[in-house]
Amino acid sequence: MANMPARRLLIVDDDALVRSLLRDLLSPTGCELLEAANGADALERYRLHRPHMVLLDLMMPQQSGLEALEAIRALDANARVLVISSLDAESLRKSAAAAGAIGYVVKPFHPMEVLDAVQRALAALP
Amino acid sequence: MTRYWVRNEDGTVLGPVGLMVIKDLAAAGQLSSIKEVSVDGQKWKPLGAFPELNALVPAASGAGTAAGEAEQIRAEIKALRLKSPHEIFGVPRGAGLNEVRAAFFEKVKRYHPQRLPRGAPREIQEACGEMFKFLSDLMLAVQTGRTGSAPGGRTPAPLAHTPPPMFGAEAFVGLLRGANGTYQVNLALGPKTVELFTRHKLVNVQTGGFFIPDRVIPLGTAMDITLTFQGDPRVLSTRGKVVVESAGQDPRQPKGSGVQLNLSPAERTFLQTFVSALTPKGEKSQG
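Residues numbered from 1 in each chain as written. Chains lettered and ligands numbered in written order. Predicted model: local features only at pLDDT ≥ 70, side-chain atom pairs only at ≥ 80, totals over all residues. Heavy atoms only, no water.

**Observations regarding the overall build of chain A**
- A count of helical and extended segments in chain A gives five helices and six strands.
- Listing every helix and strand of chain A by position from the N terminus yields β-α-β-α-β-β-α-β-α-β-α.
- Taking the principal axes of the C-alpha coordinates as reference, chain A spans close to 35 × 30 × 25 Å.
- Within the span of chain A, comprising 126 residues, buried residues form 61% of the whole.
- The long-range fraction of contacts in chain A, counting pairs at least 24 apart against all pairs at least 6 apart in sequence, stands at 64%.
- As presented, chain A carries roughly 4,500 Å² of accessible surface, and 50% of it is formed by carbon and sulfur atoms.
- Across chain A, the centroid of the 13 positively charged side chains sits 6 Å from that of the 16 negatively charged ones. (Helix = DSSP H or I, 4+ residues; strand = E, 2+ residues; numbered from the N terminus. Buried < 20%, exposed > 50% of the residue type's maximum accessible area, 1.4 Å probe, protein only. Contact = heavy atoms within 4.5 Å. Areas by Shrake-Rupley, 256 points an atom, 1.4 Å probe, with all protein chains shown as cover. Lys, Arg positive; Asp, Glu negative; His and termini not counted. Charge placed at Lys NZ, Arg CZ, Asp CG, Glu CD.)

**Section: the confidence of the model for chain B**
All names here are of chain B.
- Averaged over every residue, the pLDDT of chain B is 82; the share at 70 or more is 82%.
- Within the model, the stretch residues 150-164 combines pLDDT values under 50 with 31 contacts to residues more than four positions away or in other chains.
- We note a pTM of 0.72 for the whole complex and an ipTM of 0.90 for its interfaces. (pLDDT = per-residue confidence, 0-100.)

**Concerning the pairing of strand 9 (residues 256-261) of chain B**
All names here are of chain B.
- Counting buried residues in strand 9 gives five out of six residues, a clear majority hidden from the surface.
- As defined by bridge partners, strand 6 (residues 209-213) adjoins strand 9 across five bridges and the pair is classed as antiparallel. Considered in strand 9, the bridge of P213 is made with G256.
- In terms of strand pairing, strand 8 (residues 232-246) meets strand 9 through six bridges, oriented antiparallel. If you follow E245 over to strand 9, its bridge partner there is S257. (Pairing = 2+ DSSP bridges.)

**Description of the packing of aromatic side chains**
All names here are of chain B.
- Considering all chains together, one arrives at seven aromatic pairs over all chains under this definition.
- Here F197 and F210 contribute two aromatic rings whose centre-to-centre distance is 5.3 Å and whose plane-to-plane angle is 35°, an arrangement assigned as tilted. Note that F197 is positioned in the loop between strand 5 (183-189) and strand 6 and F210 in strand 6, a separation of 13 residues in sequence. The same class applies to F197 as to F210, namely buried.
- Relative to F274, the ring of F270 has its centre 6.1 Å away and its plane inclined at 45°; by these criteria the two rings are tilted. Here F270 pairs with F274, and both are found in helix 7 (residues 265-278), just four residues apart, close to one helical turn.
- The class for F270 is buried, based on a relative accessible area of 16%.
- A relative accessible area of 13% means that F274 is categorised as buried. (Phe/Tyr/Trp six-rings, centres within 6.5 Å; stacked < 30°, edge-to-face > 60°.)

**Looking at the environment of A117 of chain A**
All names here are of chain A.
- By the element assignment, A117 lies in helix 5 (residues 111-123).
- Residue class for A117 comes out buried when judged on its relative accessible area of 9%.
- A C-alpha to C-alpha distance of 22 Å links A117 and R45, two positions 72 residues apart in sequence.
- Not counting the four nearest positions on each side in its chain, A117 is found in contact with M53 and L82.

**Examining the packing of helix 3 (residues 66-80) of chain B against helix 6 (residues 122-143) of chain B**
Residue and element names in this part refer to chain B.
- Contact geometry of helix 3 with helix 6 gives a least axis separation of 8 Å together with a crossing angle of 15°. Here helix 6 runs roughly parallel to helix 3, going by the angle between their axes. Crossing geometry of helix 3 relative to helix 6 is assigned as left-handed. Contacts from A66, A67, E69, A70, I73, R74, E76, I77 and L80 of helix 3 reach helix 6 at E123, I124, E126, A127, C128, E130, M131 and F134.
- Its residues assigned to classes, the contact of helix 3 with helix 6 comprises eleven nonpolar, no polar and six charged. (Axes fitted to C-alpha atoms, helices over the stretch in contact; angles between N-to-C directions. Parallel < 35°, antiparallel > 145°, perpendicular 65-115°, else oblique. Left-handed = near helix turned anticlockwise from the far one by under 90°. Nonpolar A, V, L, I, M, F, W, Y, C, P; charged D, E, K, R; others polar.)

**Things to note about the sheet that holds strand 3 (residues 34-38) of chain B**
- Judged by pairing direction, the sheet is antiparallel, and its five strands sit side by side in the order 4(A)-2(B)-1(B)-3(B)-4(B) without closing on themselves. At either end of the open sheet lies a strand with only one pairing partner, and these are strand 4 (60-61) of chain A together with strand 4 (45-46) of chain B.
- As judged from the three bridges shared by strand 1 (residues 4-8) of chain B and strand 2 (residues 12-17) of chain B, these two strands associate in the antiparallel manner. What sits directly across from V6 of chain B, in strand 2 of chain B, is L14 of chain B.
- Helix 3 (residues 65-75) of chain A contacts strand 4 of chain A together with strand 1 and strand 2 of chain B of the sheet and is inclined by roughly 60° relative to strand 2 of chain B.

**Digging into the pattern of salt bridges**
- Scanning the entire structure with this criterion turns up 21 salt bridges over all chains.
- Residues R93 of chain A and E106 of chain B are paired through a salt bridge, measuring 3.1 Å at the closest nitrogen-oxygen approach. With R93 of chain A in helix 4 (residues 90-98) and E106 of chain B in helix 5 (residues 97-108), the pair connects residues from two separate chains.
- R93 of chain A sits in the buried class, given a relative accessible area of 16%.
- Two residues, D116 of chain A and R101 of chain B, come together in a salt bridge whose shortest N-O distance is 2.9 Å. (Salt bridge = Lys/Arg side-chain N within 4 Å of Asp/Glu carboxyl O.)

Next up, the structure:
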């Protein structure tokens, strides 16, 4: 991402394998990558680091992704959150959008799908 | 309107969501392992305490015959062959490559092997595989400008190095975790994949495993593995476990993950024989 300023991304998924896949995929972009394994940790990291974008799983232990999404948006109304979930239903996509998600990617995902979505979100940043 | 939280057997939680979301997910067979439900996210009760939900899960009953559904998918492929890529992906003419690709990803996921219900009949698996391949080949043709109707619009510069435009099922990652916490891995063994079983010094067909290059999977990760063999109808289903996790920081170790398979002696012999037949002369697997 040589033509863009450095960006910070927060990857939130309880699944270490998925975090690892996303880290491998996004590392070459030059973005700073942060990770969280649950909603509470995600909120804390968001508060501390103010990432430019969050990639968020929906089903996680204790605090669900939707709760984390609502909490992050309550903290920062401009937060850009991309949902990446194995669950897929139009009504759930609408719920995520209503809670403030900027996009929804269904697992399993293609690398270009995630890169395209991240690129679109970051391109809109000032 | 009541909002629900649902907790699965593995402890993961979804919520708060309305009844419609649960109904839709249940109908799609995506909520089969709910253990408890809550209406405040704090106090949990067994699923049975919520008759309005209990009746929904599991809901999908597989209407119609497998053969009929497979036939329907094949008829759809036949009809799609007569249409342009834009019509197939449902994007306007002049849509940019990124827009076409996004529409492709939306459409093709329905047919991905990992998104089919567990235990889906073989006829449906095969028909979905044909649809997946048809759409993937079409997307590859669009991506490489071989369709005669190249997308218009301006495509932004790539975020990073552009990955090779491969759209086969194996290019999709973020493996679905099964209800028992393991991962589902399907591997077709042929000339293009045999190296997975021969290149690594420690984890190879001789030691009863294979090595996935470049993908760093946490040590100890359990997998349900299905191996199919090009030109041979046999299917080998077994368990596996990640025994080597290398992030590539050590120059002596290739980056990737080694998976040890749980094989019977007969299975191991068959696998070794098959791999040996595929391995070019002069290249021996490293034991």
